[in-house]
Structures are given as C-alpha cells and as structure tokens.
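Below, each chain spelled out in residue letters.
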Amino acid sequence: MEKIGMQLPDHFIIGAASSAWQTEGWSSKKDFQDSYLDLWYKNHREVWHNGYGPTIATDFYNRYKEDIQFMKEIGLTHYRTSINWSRFLIDYEHAVVDEEYANYIENVIDELLKNGIEPMICLEHYEIPGVLFEKYGGWGSKHVVDLFVKYAEKVFERYAHKVKWWFTFNEPIVIQTRVYLDAVRWPYEQNTKKWMQWNFNKTLANAKVVQLFHQSYASQHKESKIGVILNPEVVYPRSSAPHDIEAAKMYDLFFNRMFLDPMIKGEYPNELFDLMQKHDCSFEYNDEELQIIKENKVDFVGINLYMPKRVKARTTAWNPNTPFHPEFYYEHFELPGRKMNPYRGWEIYPKIMYDFAIRIKEEYGNIEWIVTENGMGVENEHRFKDKNGVIQDDYRIEFISEHLKWLLRGIEEGSNCKGYMLWAFTDNVSPMNAFKNRYGLVEIDLDDDRNRRMKKSAYWYKNLIQTRQFEANNDHFYK
Ligand code: BGP
C-alpha cells in the first residue's frame, strides 16, 4: 500500500508502560504482602497460562538497572509503572512503610532520572493488598478508601519532589467487572451491587487522593500533576437505527461515563442514578462524598485504548431471573470482516484513536490527556526471529503506526493529547494469560534466564523518537 509521511507534533511524548505486579516479581516480598493478584494466583493457579504468574514476572526488582539501560538505548523519555501498595507498607491500617521496598522504589526513580527518563507513577494497578480484600471486601469498603489515602500520603511524602506525573488508578473498572459483574475471575462472585460499590468507592478514593495532592503537594511542586488512567471503550452501534444507538448509549453510560464523568466533570450522569434505582443496584453514598468528587477533579487523564466495542440492541429476551447486568440493554456485535488480533481476540480498528480524541475534545472540555496504553499482544513470537535472533515484529510496527496516524489527526483537529505510551516496554505478565501474548519492545526470553533482547519494533521506536517521523498507510480512511 502507498505510504504517507507523518510528523509528530513538537513536545509530543513517546513513551512506554508497564506496572509493578506485572514486572517486579516477589523478591524480598514479605509473606503477608500478597496483593489481590497474588492471592488469585495462589488460589487458582490452573487458569494462569503455563503456570507463570507474578512470582518472578520479569524480575524487574533485580534487573531494573539493565532494563533502564534498554530504555536509554531506545531513547524513551517517559516510563510509566506503578508502586505496589501491598508491598509498600508493612501495616496497612497505620501506613507503616516497608523501608526495603520503598528504598527500591527510590532507586528505580533515581536511576530513571539519572538516565533522562521521566517516571510516571500510578498508585494502584490492581495491587490492592490481599488482606484488605479478604478482611473488608476490598474496594467495597469505605474504610479501604481511607487506607488508600493514607498510603498515597506516604508515597507523596517520599517521592513528590522527584515525580511530576502521578496517577491514582489504572483502569479502575476492570477488577470488579471481571469478578462481580461477569464472574470470570477469582473469586468468581456475581454481585452487581458490589460492582457498583467498587465503582463508586474508587471514584471517591480518586477524588480524596487528588484533594490530598492538590492541598499538600501541588503548590510545592508546580510542574507536578495528578490524573487517572481510564479504559473507556469507543462504542459503535451496529447500525444507525435508534434501537442500536440506544444500546451503544447504555453501554457507554455503564462502562465509560461511570468514570469519565465524575472524574473529569465532577458529576455522575443523572441517568445513571435513575437506572441504578430501577435495577436496585445503587451504590451507597452521601452528599458530602458527592461534593468531594465534585470539587476534586483530575488535572489530566491517561487513556488506555486497544480495540473498539461494537454493540447492537438485544435480539434475544433477557432472562428476568438473572441478576441485573448492563447487558440487559445490549448484545455484543461482531462486525463481519473485521480485522482481528487473533491471539488476544481483540478487533484492530485504529480509528478509535481519532474518535476518542474528538470525543474528549467535545464532551470533556478538551482536558489534557495522553494515551497511556496501546499495543499488540502476540503469541509464540519467537517464530518471528531472524537469523540473529531478533524478533521481526512488523505487525507491531504497523499497529503502532496506524494508531498514531489516527491520533495525530485528532490532534490536528484540536484534541489536547500530549503523548503516546506503548504497552509495553518489555514483555510481561498478563492476568491469566501470563507470558502467552507478548507486548514488549524488548523480548523476555523465558528459556534463557529471562534474557532481554530488543525486537525490530524497539529499533523502529528508537528511530521514531530520534527523527520524530514515521510512515503509515495512505488508506482511503485518511484524508
Ligand atoms: C490493560 C492493563 C495492562 C495490560 C494490558 C494488556 O488493560 O492495564 O495491565 O495487562 O491491558 O492486556 P492483557 O494483559 O490482558 O493482554
């Protein structure tokens, strides 16, 4: 296909992402410091691909210096990861810091800065302490909300002067959707009310941490800001018929606006309150909490965008004896002829970048945002190695180019997007899929002591960062 040359805007960030639990491994973790993910792995290891999980992960805990040299070689200016709440403290009730882990975090931050890489730090990438999950029901508890704020305070006390980019949560909707709505993850309990309460409590926790940051740290560190990483899906109705459009609207309300609206605009959509009442699944809240949410909006947002969501109006009757699920209002729709990533089972549709960019501009006050994740997981990647052992991941280069192309078009039209972070910097552990689908610019060779090797995409990324130019398909979608 004919190619067009693309140019990155000035100061546009090109970075890469990962998280603590997906990379660090359990070195020096104390026995009681399990996170929710660790508990899941311990309790139901059979569902984790080939038995791999968070135990060793990529061993970043011991190999971060080596990895940061790869970041430097690629020319990354920004690296996103998380701090593992369950490991940062030895007493969650009183927020007593684990000095050993805190020291490690400090060393990672210093090593990044020394090598010219800005750390972007998230406070929770599913790493809620397991004991808080078991004792209080995790994010279903308002007490846990307050413990999270205490933890955040300890983190800010130590690192607020070094880190400019902060995030409260990564994808706050995910765990409870898998556990309490769909019951496909441990401990597999369908409970829509719990789903709602987790949604609300995380939104409240976000607001309280934003408040703390703004009141106590922002004035001393003028360049710092705090946001949240959300994973809204760009929803497309099957057709322009009103019933399909309504189905898409309902999906958007329950899964996207559930977090976008209160965190960016400070208010939940009114329709959501009506629907919760109608289906008897309201979260517990009071006016004071709504006021905290209203007054403490994020400074910017990170958006994880991987695939489109397509829905249609229900074609089969909803079983009235099952608990309420938003699917009451829609069914999934598979677009005939869609392009797929067969390993992950996700549709590839790069125009989501443009469509989301325009939406955030028009509906969310054109708030500053960055793409905090986008990427392509591929199984058995070693089959693409050339004679020098370098994975020739041209599919990933094309995936990134096409998504960036559409994102740049959104920026040209005024969307306030400041950067793009690839998921992921190295291959790492996914929930359940473990090392099955590889996402990294840098390969982790499990058969060779987790040896690291740059893939073709890492060289391409390096060139992108140096030249700030790339080529993309001149397809008919692009003007
Ligand atoms: C996002 C998560 C990441 C990462 C990524 C890839 O939802 O924030 O942690 O896991 O998805 O998805 P998966 O690992 O399930 O293939």
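Bear in mind the structure is a predicted one, so any value in this text is a computation, not a measurement.

Peer 1: Residues and numbers for the overall build of the protein chain, please.
Peer 2: When you go through the protein chain residue by residue, the secondary structure sums to 15 helices and 21 strands. Against the compact-globule benchmark of 23 Å for 479 residues, the protein chain has a radius of gyration of 22 Å, which places it among compact chains. Counting over 479 residues, the protein chain shows a buried share of 62%. Restricting to contacts in the protein chain with at least 6 residues of sequence separation, those with at least 24 account for 78%. Of the roughly 18,500 Å² of accessible surface on the protein chain, 48% is carried by carbon and sulfur atoms. The protein chain carries 60 positive and 71 negative side-chain charges, and their two centres are separated by 2 Å.

Peer 1: Give me the pattern of salt bridges: which residues, what numbers.
Peer 2: Enumeration according to the criterion identifies 46 salt bridges in this entry. Between Lys225 and Glu368 there is a salt bridge, and its shortest N-O distance comes to 2.7 Å. With Lys225 in strand E8 (residues 225-230) and Glu368 in the loop between helix H13 (352-363) and strand E15 (369-373), this pair connects stretches of sequence that are 143 residues apart. Between Lys385 and Glu443 there is a salt bridge, with the nearest N and O atoms lying 2.9 Å from each other. With Lys385 in the loop between strand E16 (378-379) and helix H14 (394-412) and Glu443 in strand E19 (residues 442-445), this pair connects stretches of sequence that are 58 residues apart.

Peer 1: Can you explain unusual backbone geometry? Please cite residues and give values.
Peer 2: Of the consecutive residues Trp186 and Pro187, the connecting peptide bond is found in the cis state with omega at 0°. Trp423 connects to Ala424 through a cis peptide bond whose omega is 15°. With respect to the helices and strands, Ala424 occurs in the loop between strand E17 (417-423) and strand E18 (437-438). Notably, Ala57 is not glycine yet its phi reads approximately 50°, a positive angle. Among the residues examined, Ala57 registers a relative accessible area of 0% and is labelled buried. The residue Asn380 is not glycine, and still its phi comes out positive at about 50°. Assignment of secondary structure puts Asn380 in the loop between E16 and H14. For Asn380, a relative accessible area of 40% gives the class partly exposed.

Peer 1: Give me the lowdown on the sheet that holds strand E11 (residues 308-312), citing residues and values where you can.
Peer 2: Strand order in the open sheet formed by three strands is E9-E11-E12, and the pairing between neighbours is mixed. Each having just a single partner strand, strand E9 (234-237) and strand E12 (331-332) make up the two edges of the open sheet. In this fold helix H10 (residues 242-265) packs onto E9 and E11, with an angle of close to 160° to the strand it touches most, E9. Against the sheet, H13 contacts E9 and E11, and its axis sits at roughly 105° relative to E9.

Conventions adopted
- Every chain is numbered independently, its residues counted from 1 as its sequence is written.
- Local features in this predicted model are restricted to residues of pLDDT 70 or higher, and side-chain atom pairs are both shown and tallied only at a pLDDT of 80 or more, whereas totals for entire chains, interfaces and linings draw on every residue.
- Hydrogens and water are ignored here; the side-chain numbers use all heavy atoms of the structure.
- The secondary structure listing takes helices from DSSP runs of H or I that are at least 4 residues long and strands from runs of E that are at least 2 residues long, numbered from the N terminus.
- Here the globule rule is a power law, 2.2 Å times the number of residues to the power 0.38, and the radius of gyration is based on C-alpha atoms.
- The classification of residues rests on relative accessible area computed with a 1.4 Å probe and restricted to protein chains. Under 20% of the type maximum is buried, over 50% is exposed, and intermediate values are partly exposed.
- Contacts between residues were defined by any pair of non-hydrogen atoms, one from each residue, lying within 4.5 Å.
- Values of accessible area rely on a 1.4 Å probe in the Shrake-Rupley scheme; residue burial ignores everything except the protein chains shown.
- Asp and Glu count as negative and Lys and Arg as positive, but His and the ends of the chain are not part of the count.
- To locate a charge, take atom NZ for lysine, CZ for arginine, CG for aspartate or CD for glutamate.
- Each salt bridge in this description consists of a side-chain nitrogen of Lys or Arg and a carboxyl oxygen of Asp or Glu lying within 4 Å of one another.
- Strand pairing is defined by DSSP finding a minimum of two bridges between the two strands.
- For helices, the fitted axis covers only the stretch in contact; all axes are lines through C-alpha atoms, and the angles between them, taken along N-to-C directions, range from 0 to 180 degrees.

Geometric descriptors of this kind do not, in isolation, establish any biological role.
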